[in-house]
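# Coordinate inspection notes
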Amino acid sequence: MIQDLVVYLVFIGYAIAVLMGFGIILTWVERKQSAVMSDRIGANRAYIRIPFTQVKLIWWGLFHGMADGMKMLLKEDFKPNSYDWYAYAVAPWVVFTPVLLVFAVIPFGGTLVPSELFSGFPAVAEWFAGKSYPMQIARLDAGLLIVFAFGGMTIIGAMLAGWSSSNKFSLLGALRAGSQMISYELIMGLTVLGLIVIYGTVDLTDIVEQQSGVLFGFLPAWGVFLQPFAATLFLAAAIAENKRIPFDLPEAESELIAGYFTEYSAMKMGLFMFAEFIEIAIIGALFTTLFLGGYNLPFMTDNGFVFPGNHVVEMSHGAVVLTQMIVFLAKVFLLCSFQILIRWTLPRFRYDQVLRFAWKFMFPLALANLVVTVVFVWALRAMGA
Amino acid sequence: MAYDRHAHRRKEYWNQPTMGVWERLYLPEIMRGIWITGGVFMRNMAKWMTGRKGALTSYYPEETRFDYAAGNRGKHVLTQRADGSGKPQCIACNMCATVCPAKVIEIDAAFDPSDAVHPKYPARFEIDYSRCIFCGLCVEACPEDAIRMVKEVPDVTARDRHAMWIGKEELLTWKPQSDVAKRYPGPGRGGAGGGRS
């Protein structure tokens, strides 16, 4: 019992550290990557001076995030004369909290066996008594449904913020956010349905484990190779769900100042921004879990690598766990970087184009993808494969 | 009135974009865009990784550009006397301050009776770069070739306007002294009225 508590507290601490870390790092990555993409240098002025010396640590502008945080904490916390100050105050948290909660069901590593990990310390190993834990905060058999349930809650926060701000720009932004996010949530769900049909489960750990095999002898059995079409649609819908360019209609700064969080200042506005950056990481983690095999590397098992032709590379349990965690983080980071690449490449849609794109382009495609998948799976089953 | 389903048809413009099937498919064009921006990213990143500069912009106060035109009117300098004393050629006549359209030059004249050749000199010579318009009229007005403009721009990034004044000490840091036009008679040859030869 107490062992479980210790392990899960460590998992929770790791998850929070990862998400916060991504939130902070991504502000920097977004600045620097956009700068490099457009032949600029990017943020490089904030520094930390080592006390009592003249040594200034600039580290390629890495401390700009800290400067931002200080600025947001110290700025005037402006409050509009709103008729509904309670909703106004609670809205940033309604946006921020579900984003963190989604990570609870995402597996960020394989199976952890503490007694093997601490085999050098017999007392600790004995205490854990050979128990094994899937590296995930909550292993729920409704994993994917939980993801969509919590993902859908951010809409409420955006709507609350817009309604309670007593501001026309906020209201317009909230209306846009509502229609856009609900439309794209539907498409996200539909694209994932194809995967559920193939894997026959919504348990994310199961889904990841089923992706650890090999297709046709050489391709890793990742979802992106089984459902390339759904992967593309899912990523597009997820970016739209996160309200980033090219789908940033709810906060289009050239039209609506800042959209639904126009009236938010200081750290409350910071929460909205932070939630957006963490959601980039969450989308990356979800996409990794569903389509890129999660923590799996091609040909990797829980004991090491097995390459075609039966070349076996044995690895210790600690090395395997570490590799899996690093592989997961690397995949998530690459996807975050890809989302930032998209954000700095494409111009914004018009509002009517966003909805037409959702309902007349992506929705039929997602439905077609689902139908084809279902027929294909049914045919395979009927043939007894 | 019956509903006219063409009433809301949009007007056709002469530069109406024509999109083929390939463009309408949407995804290929997006991939092309990402290919372009990603290529730029990779190219610049490779430069940064190998220790070169992958950007077109420059670090402003630290990096001054090397390709200023030869005749660029940048920072002012006070020329120094050819005798190597390091004193300014300026005779504190106030002509530059008078002609200056932005009124940025302030001169306090002083008198040194022991210096027979050049008794009148500026005790204080300051230029307010927050207002200077770099027109070069002071250089043209100077009868003694005492003030010139070099092609490099002044380093006046500051947090308030009081820090944007440049005084005599800094204006006198211009080192090449050999080409100053005005020649002085040596201390032994000339008199008090001695000037150009």
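Residues numbered from 1 in each chain as written. Chains lettered and ligands numbered in written order. Predicted model: local features only at pLDDT ≥ 70, side-chain atom pairs only at ≥ 80, totals over all residues. Heavy atoms only, no water.

Another aspect to go through is the overall build of chain A. Across its full length, chain A carries 14 helices and 9 strands. Expected size for 385 residues packed as a compact globule is a radius of gyration near 21 Å; at 23 Å, chain A falls within 12% of this value. For chain A, the C-alpha atoms occupy an extent of roughly 65 × 65 × 45 Å along the three principal directions. When the accessible area of chain A is evaluated, it comes to approximately 17,900 Å², of which 72% is carbon and sulfur surface. Here chain A holds 23 positive side-chain charges and 25 negative ones, and the gap between their average locations is 11 Å. (Helix = DSSP H or I, 4+ residues; strand = E, 2+ residues; numbered from the N terminus. Rg over C-alpha atoms; globule rule 2.2 N^0.38 Å. Areas by Shrake-Rupley, 256 points an atom, 1.4 Å probe, with all protein chains shown as cover. Lys, Arg positive; Asp, Glu negative; His and termini not counted. Charge placed at Lys NZ, Arg CZ, Asp CG, Glu CD.)

All names here are of chain A. Taken together, the side chains of Ile-2, Leu-5, Val-6, Leu-9, Val-10, Ile-12, Ile-16 and Trp-127 define a hydrophobic patch exposed on the protein surface, amounting to about 730 Å² of accessible area. Counting residues per element, the nonpolar patch draws most heavily on helix α1 (residues 2-37), which supplies 7 residues. With respect to the helices, strands and loops of the structure, Ile-12 is situated in helix α1. Of the residues examined, Ile-12 reaches a relative accessible area of 34% and is grouped as partly exposed. (Patch = residues over 30% accessible without salt bridge, like charges linked within 9 Å, V, L, I, M, F, W, Y side chains within 5 Å. Salt bridge = Lys/Arg side-chain N within 4 Å of Asp/Glu carboxyl O. Buried < 20%, exposed > 50% of the residue type's maximum accessible area, 1.4 Å probe, protein only.)

Residue and element names in this part refer to chain A. Across the sheet, 3 strands lie side by side as β7-β8-β9; this open sheet has antiparallel pairing. Two strands close off the open sheet at either side, each with one partner strand: β7 (300-301) and β9 (311-314). Across 2 bridges, β7 lies against strand β8 (residues 304-307) in antiparallel orientation. Its bridge partner lying in β8, Met-300 is registered against Phe-305. (Pairing = 2+ DSSP bridges.)

Before going further, it helps to spend a moment on the sheet that holds strand β5 (residues 165-166) of chain B. All names here are of chain B. Strand order in this open sheet of 3 strands is β2-β3-β5, and the pairing throughout is antiparallel. If you trace the sheet from one side to the other, it starts and ends with β2 (105-111) and β5, each paired once. Pairing analysis gives 7 bridges linking β2 to strand β3 (residues 120-128), with the strands arranged antiparallel. Counterpart to Phe-111 in the pairing with β3 is Lys-120.

Now for the packing of helix α13 (residues 317-343) of chain A against helix α2 (residues 27-49) of chain B. α2 of chain B packs onto α13 of chain A with a crossing angle of 110 degrees between their chain directions and a minimal axis gap of 10 Å. Judged on the interaxial angle alone, α2 of chain B and α13 of chain A are roughly perpendicular. Residues Phe-338, Leu-341 and Ile-342 of chain A of α13 of chain A form the contact with α2 of chain B, whose participating residues are Ile-34, Thr-37 and Gly-38 of chain B. Along the lines of polarity and charge, the residues of the contact of α13 of chain A with α2 of chain B split into 4 nonpolar, 2 polar and no charged. (Axes fitted to C-alpha atoms, helices over the stretch in contact; angles between N-to-C directions. Parallel < 35°, antiparallel > 145°, perpendicular 65-115°, else oblique. Contact = heavy atoms within 4.5 Å. Nonpolar A, V, L, I, M, F, W, Y, C, P; charged D, E, K, R; others polar.)

Time to look at the side chain of Gln-33 of chain A. Note on placement: Gln-33 of chain A falls in helix α1. The exposure class of Gln-33 of chain A is buried, given its relative accessible area of 5%. Gln-33 of chain A has contacts with Ser-337, Ile-340 and Leu-341 of chain A together with Phe-41 of chain B, leaving out every residue within four places of it along the chain.

Another aspect to go through is the state of the cysteines. All names here are of chain B. Applying the stated criterion across every chain, the model contains 0 disulfides over all chains. The thiol sulfur of Cys-96 is not disulfide-bonded, and the nearest other cysteine sulfur, from Cys-90, lies at 6.2 Å. Assessed through its relative accessible area of 7%, Cys-96 is described here as buried. We note that Cys-138 lacks a disulfide partner, and the nearest cysteine sulfur, in Cys-135, lies 6.2 Å from it. (Disulfide = S-S within 2.5 Å.)

Residues and elements named next belong to chain A. In this structure the tally under the stated criterion is 29 aromatic pairs over all chains. Aromatic pair Phe-103 and Phe-108: ring centres 6.2 Å apart, planes at 0 degrees, arrangement stacked. The class of Phe-103 is buried, set by a relative accessible area of 3%. Taken together, the ring pairs in this structure connect Tyr-8, Phe-11, Tyr-14, Phe-103, Phe-108 and Tyr-133 into an aromatic cluster. When the ring centre of Tyr-351 is taken as origin, the NZ or CZ atom of Arg-176, which lies over that ring, is 5.3 Å away. (Phe/Tyr/Trp six-rings, centres within 6.5 Å; stacked < 30°, edge-to-face > 60°. Lys NZ or Arg CZ within 6 Å of the ring centre and 35° of its normal.)

All names here are of chain A. At a minimum axis distance of 9 Å, the contact between helix α3 (residues 85-102) and helix α12 (residues 266-291) shows a crossing angle of 20 degrees. As far as their axial angle goes, α12 and α3 are roughly parallel. Both α3 and α12 take part in a crossing whose hand is left-handed. From α3, Tyr-88, Ala-91, Pro-92, Trp-93, Val-95, Phe-96, Val-99, Leu-100 and Val-102 reach across to α12, where they touch Lys-268, Leu-271, Phe-272, Phe-274, Ala-275, Ile-278, Glu-279 and Ile-282. Partitioned by chemical class, the residues of the contact of α3 with α12 number 15 nonpolar, no polar and 2 charged. (Left-handed = near helix turned anticlockwise from the far one by under 90°.)

Okay, the interface of chain A and chain B next. Opposite the 19 residues of chain A that make contact, chain B presents 25 residues. Surface buried jointly by chain A and chain B totals about 1,600 Å² across both partners, of which 69% is contributed by carbon and sulfur atoms. When residues of chain A are sorted by the area they lose upon contact with chain B, Val-36, Asp-39 and Ile-41 of chain A head the list and together hold 36% of the total. On inspection of chain A and its partner chain B, the count reaches 1 salt bridge. Asp-39 of chain A is paired through a salt bridge with Arg-43 of chain B; the nearest N and O atoms lie 3.9 Å apart. Applying the counting criterion to the chain A and chain B interface returns 4 residue pairs in polar contact (both at pLDDT 80 or more). When residues of the side of chain A that touches chain B are traced back to their parent elements, those giving at least two are α1, α13 and α14 (351-382) of chain A. Residues that form the side of chain A that touches chain B fall into these classes: 11 nonpolar, 4 polar and 4 charged. (Buried area = accessible area lost by both parts, 1.4 Å probe. Polar contact = N/O pair within 3.5 Å; in protein donor to acceptor, adjacent residues only side chain to side chain.)

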